[in-house]
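# Coordinate inspection notes
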Amino acid sequence: MEKLQNLTYREKEQLCVHLGRMYRKGMLHTTMAIHGMVEDQISDDADMDVAAHLRMILLRMDQRYALIILNDFLEIKESGWWKKYYSRTSYYRYKKLAVDALLAQLYMEKG
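Worth saying up front: this structure is predicted, and the values here are computed from it rather than measured. Just so you know, the residues in each chain are numbered from 1, in the order the chain's sequence is written. Two thresholds apply to this predicted model, a pLDDT of at least 70 for residue-level local features and 80 or more for giving and counting side-chain atom pairs, whereas whole-chain, interface and lining totals are computed over all residues. To get the side-chain values, take all heavy atoms of the structure and skip hydrogens and water.

## A look at the overall build of the chain
Here a helix means four or more residues in a row that DSSP labels H or I, a strand means two or more in a row labelled E, and each is numbered from the N terminus. Across its full length, the chain carries five helices and zero strands. Shown N-terminal to C-terminal, the secondary structure of the chain runs as helices and strands in the order α-α-α-α-α. Surface accessibility follows the Shrake-Rupley procedure with a 1.4 Å probe radius. Residue values consider only the protein chains on display as shielding. About 7,500 Å² of surface is accessible on the chain, with carbon and sulfur atoms providing 55% of the total.

What follows is the structure, given as structure tokens:
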């Protein structure tokens, strides 16, 4: 947990962006497999595992945090999506807490 605490918020956000890319790639491979589509490349099982793992974490997370992680990093909604749910200060406060909660959950499960 100490390594996680040493990261700046910007570094934590960049890590969430990277996780989001893996999530989207994994969800694409999963959807293709469900529909029996043949892929040109061998699907990356690691990305599919990451996508499934992130979905499970989101289900256990505080709903406010899960909504932010899903919309800002995993599925990437239009900018300003949060305005109908939160004030600006609440959104940024919850976003920081959401990023910390997601990474803490991932770190605790790996350790």
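Structure shown, so let's carry the discussion forward.
## Thoughts on the environment of Ala98
Secondary-structure assignment places Ala98 in helix α5 (residues 88-110). Taking the C-alpha atoms as reference, Ala98 lies 4.5 Å from Tyr65; in sequence the two are 33 residues apart. We call two residues contacting when some pair of their heavy atoms lies within 4.5 Å. If near-sequence neighbours (up to four positions away) are discounted, Ala98 is found in contact with Met61, Tyr65, Ile68 and Ile69.

## What about the pattern of salt bridges?
The working definition used for a salt bridge is a side-chain nitrogen of Lys or Arg within 4 Å of a carboxyl oxygen of Asp or Glu. Considering all chains together, one arrives at seven salt bridges under this definition. A salt bridge links Asp62 to Arg64; the shortest N-O distance between them is 2.9 Å. Each residue is placed in one exposure class: buried if its accessible area under a 1.4 Å probe, protein chains only, is under 20% of its type's maximum, exposed if it is over 50%, and partly exposed if it falls in between. The exposure class assigned to Asp62 is partly exposed, which follows from its relative accessible area of 31%. A relative accessible area of 33% means that Arg64 is categorised as partly exposed. Residue Lys95 pairs with Asp72 through a salt bridge whose shortest N-O separation is 3.5 Å. Residue Lys95 is found in helix α5, and its partner Asp72 is found in helix α4 (residues 63-74); the two are separated by 23 residues along the sequence. Exposure class is identical for Lys95 and Asp72. Each is buried.

## Remarks on the packing of aromatic side chains
A pair of aromatic rings is counted whenever rings of Phe, Tyr or Trp (Trp by its six-membered ring) have centres within 6.5 Å, and the orientation is called stacked for planes under 30 degrees apart, edge-to-face for over 60 and tilted otherwise. Inspection of the entire model under this criterion finds nine aromatic pairs. A centroid spacing of 6.4 Å and a plane angle of 80° characterise the contact between Trp81 and Tyr86, whose relative ring orientation is edge-to-face. Look at Tyr86 and you get buried, because its relative accessible area is 11%. Summarising the aromatic geometry, the rings of Tyr86 and Tyr94 are spaced 5.5 Å apart at their centres and angled 70° between planes, so their arrangement reads as edge-to-face. Following the ring pairs from residue to residue traces out a cluster consisting of Tyr65, Trp81, Trp82, Tyr85, Tyr86, Tyr91, Tyr92 and Tyr94. A ring is scored as having a charge over it whenever the NZ atom of a lysine or the CZ atom of an arginine sits within 6 Å of its centre and within 35 degrees of its normal. When the ring centre of Trp82 is taken as reference, the NZ or CZ atom of Lys83 above it lies at 5.9 Å.

## Here's the deal with the nonpolar core
Definition used in this section: a nonpolar core is a set of buried Ala, Val, Leu, Ile, Met, Phe, Trp, Tyr and Cys residues joined via side-chain atoms within 4.5 Å. The biggest cluster of nonpolar side chains holds 29 residues, and the ones touching the most others in it are Leu54, Ile69 and Leu102. Where this core is concerned, the elements lending two or more residues are α2 (9-34), α3 (45-60), α4 and α5. The dominant element in this core, judged by the number of residues it contributes, is α5, at eight residues.

## Describing the environment of Trp82
Checked against the element boundaries, Trp82 lands in the loop between α4 and α5. In this structure, the C-alpha to C-alpha distance between Trp82 and Tyr92, residues ten residues apart in sequence, is 9.9 Å. Among residues more than four places away in sequence, those in contact with Trp82 are Ser87, Arg88 and Tyr91.

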